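# Survey of secondary and tertiary structure
These are the residues of each chain, in order.
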Amino acid sequence: MIKAIDIGIPNAFGFGISGEITESDVSEALIKAKSLGEHFGNITIYEEIESFQGLEVSAVTKKFKYLLDVGISNISAAAILTDKKWLQKIVRLEDKIFRNIDIRCFSLEQREEAIHFLEQYAPNGSD
């Protein structure tokens, strides 16, 4: 399941992950990300991963289709919060692969630090 999280940054797409992620979950999330990108140009991503039990194959397909259609050029930064060591390794790898995106990993207890990190990428002034 993917649930929306409001972190108080206008161009931030915040969400939490728990359990299994379905195609429907991914579709709703991508619609929100696309809408933010169209409105602000550049977006940031805030992701809390409490538990992760799997991902439907159709959800992966939907995500890759989005990346092909929209791309990742409108993502300026991502803060991933997790206490899972294997996910922390993946985040470090993603940071090396996606050099145009500032990707940082935080523990679940470092919520305020993660939000502060993303604030530097917030649009100036009001929207």
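Scroll up to find the structure.
The sections below set out a description of the structure shown in this document. (Residues numbered from 1 in each chain as written. Predicted model: local features only at pLDDT ≥ 70, side-chain atom pairs only at ≥ 80, totals over all residues. Heavy atoms only, no water.)

## Concerning the overall build of the protein
Note the following rule: Think of it this way: any DSSP run of H or I at least four residues long counts as a helix, any run of E at least two long counts as a strand, and we number them from the N terminus. Each residue's exposure class comes from its accessible area (1.4 Å probe, protein chains only) as a fraction of the maximum for that residue type: buried when under 20%, exposed when over 50%, partly exposed otherwise. Residue contacts follow a heavy-atom distance rule, with two residues in contact if any of their heavy atoms lie within 4.5 Å. Only the protein chains shown count as cover for residues, and all accessible areas are computed by the Shrake-Rupley method using a 1.4 Å probe.
Scanning the protein from terminus to terminus reveals 4 helices and 7 strands. Each helix and strand of the protein, ordered N terminal to C terminal, gives the series β-β-β-α-β-β-α-β-α-β-α. Across the 127 residues in the protein, those meeting the buried criterion constitute 41%. For the protein, long-range pairs separated by at least 24 residues make up 77% of all intrachain contacts whose partners lie at least 6 apart in sequence. Carbon and sulfur atoms make up 52% of the accessible area of the protein, which amounts to about 7,700 Å² in all.

## Quick notes on the pairing of strand 4 (residues 43-49)
We apply this condition: Only when DSSP finds a minimum of two bridges between them are two strands counted as paired.
With respect to burial, strand 4 is a largely interior element, 7 of its 7 residues being buried. Where burial is concerned, the two faces of strand 4 agree: the one with I43, I45, E47 and I49 and the one with T44, Y46 and E48 are both buried. The pairing of strand 2 (residues 12-17) with strand 4 spans 6 bridges and is classified as parallel. Counterpart to F15 in the pairing with strand 4 is E47. Summarising the sheet, strand 4 and strand 6 (residues 75-81) pair through 6 bridges and their orientation is parallel. Its bridge partner being in strand 6, T44 is matched across the sheet by A77.

## Quick look at a nonpolar patch on the surface
Put simply, the test is: Grouping into patches uses exposed residues only, defined as over 30% relative accessible area, and leaves out salt-bridged ones; the cut-off is 9 Å for like charges and 5 Å for nonpolar side chains (Val, Leu, Ile, Met, Phe, Trp, Tyr). Each salt bridge in this description consists of a side-chain nitrogen of Lys or Arg and a carboxyl oxygen of Asp or Glu lying within 4 Å of one another.
A contiguous nonpolar surface patch, about 280 Å² in accessible area, is contributed by F52, W86 and I90. By secondary structure assignment, the location of I90 is in helix 3 (residues 85-97). A relative accessible area of 37% means that I90 is categorised as partly exposed.

Functional significance is not addressed by these values, which are geometric in nature.
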